[in-house]
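Below, each chain spelled out in residue letters.
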Amino acid sequence: MQKAIIGKKIGMTQIFDETGRVVPVTLIQAGPCTVVQKKTAEKDGYNAIQLGYETVPERKLTKPELGHQKKAGIEEFQMEDCSKYEVGDKLNADVFAAGDFVDVTGISKGHGYQGVIKRHGASRLKETHGTGPVHRHAGSMGSGTDPARIFKGKIGAGQMGNEQVTVLNLDVVKVDTELGLIAVRGAIPGPKGGVVFVKNTVKHNAEKKGAAGISNNPQKASARVNPQKASARNK
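Computed from a predicted structure; not experimentally measured.

**Some points on the overall build of the chain**
Okay, step 1: Of the regular secondary structure elements, the chain holds five helices and twelve strands.
Okay, step 2: Of all 235 residues assigned to the chain, the portion counted as buried reaches 29%.
Okay, step 3: In the chain, once contacts between residues fewer than 6 apart in sequence are set aside, the share between residues at least 24 apart is 68%.
Okay, step 4: Entry remark: accessible area of the chain is about 15,900 Å², with carbon and sulfur atoms responsible for 51%.

**Regarding the pairing of strand β2 (residues 22-30)**
Side-chain positions along a regular strand alternate between the two faces of the sheet.
Okay, step 1: Where strand β1 (residues 4-16) lies against β2, nine bridges are found, and the strand directions are antiparallel. Note that in β2 the partner of G7 across the bridge is A30.
Okay, step 2: Connecting β1 to the next strand, β2, in antiparallel fashion are five residues, including G20 with a positive phi near 90 degrees.
Okay, step 3: Sheet topology note: the β2/strand β11 (residues 181-185) ladder contains five bridges and is antiparallel. Residue V25 lies in a different strand from β11, and its bridge partner there is R185.

**Considering the pattern of salt bridges**
Okay, step 1: Per the counting criterion, the structure on display carries three salt bridges.
Okay, step 2: Here K3 makes a salt bridge to D100, at a shortest N to O gap of 2.9 Å. Pair noted here: K3 is in the segment before β1 and D100 is in the loop between β6 (90-91) and β7 (101-107), with a separation of 97 residues, a long-range link. Of the two residues examined, K3 and D100, each falls in the buried class.
Okay, step 3: The salt bridge partner of R21 is D17, with a shortest N-O separation of 3.5 Å.
Okay, step 4: A relative accessible area of 58% places R21 in the exposed class.

**Thoughts on the environment of P32**
Okay, step 1: Among the structural elements, P32 can be located in the loop between β2 and β3 (33-39).
Okay, step 2: Classification of P32 by relative accessible area gives exposed; the value is 53%.
Okay, step 3: For the pair P32 and K90, spaced 58 residues apart in sequence, the C-alpha to C-alpha distance is 6.3 Å.
Okay, step 4: Other than its neighbours up to four places away in sequence, P32 contacts G52, Y53, L91 and N92.

Rules behind the numbers
Residues numbered from 1 in each chain as written. Predicted model: local features only at pLDDT ≥ 70, side-chain atom pairs only at ≥ 80, totals over all residues. Heavy atoms only, no water. Helix = DSSP H or I, 4+ residues; strand = E, 2+ residues; numbered from the N terminus. Buried < 20%, exposed > 50% of the residue type's maximum accessible area, 1.4 Å probe, protein only. Contact = heavy atoms within 4.5 Å. Areas by Shrake-Rupley, 256 points an atom, 1.4 Å probe, with all protein chains shown as cover. Pairing = 2+ DSSP bridges. Salt bridge = Lys/Arg side-chain N within 4 Å of Asp/Glu carboxyl O.

Below is the structure:
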């Protein structure tokens, strides 16, 4: 079943699993979210729900936004089946459970205007002799006469960060319904307090099967009983 929710990034911490291993997790304050609009394939051409997150003063909303709803943080999530949701329903952290795999979308931290070394990991010139005042510059951009232009995608200085980033296939380690927290393994984009969107992953996670049994290949079987064979000696 497809699920989604809006929340805030609290920060990173670590917890211990049942075997005693440390698991780095990011805590997300998920919800409560209100279903402010429901879209159907018959009327809109696709199935989706719009979720509202956090209240804002009416003076900060435009008249179209005010007419649509009185919520901020609106995000639309397309779903195959929206029949279980109705306008006004509340969604909390319990929509997800431990073991689910999710995609988390947020706005990455802004780093301002940066050079090619910090922005793209470019190399710098030596620090001994002969580099002049250009030791952290981008360097040559390519040929002059032909093609007489710079190809699109060439690395250079510019705005770094402050863009939408999605991290795929993070597993939910723990859900605290009382505090409304979701703990996902690993890091997610954005600063502490940044709004993030959590939904089912688009990746396909195959179920793990049992350990492989002994091969029926007669050549491998002969290697197990004959230690002189090369395949047995290389083990």
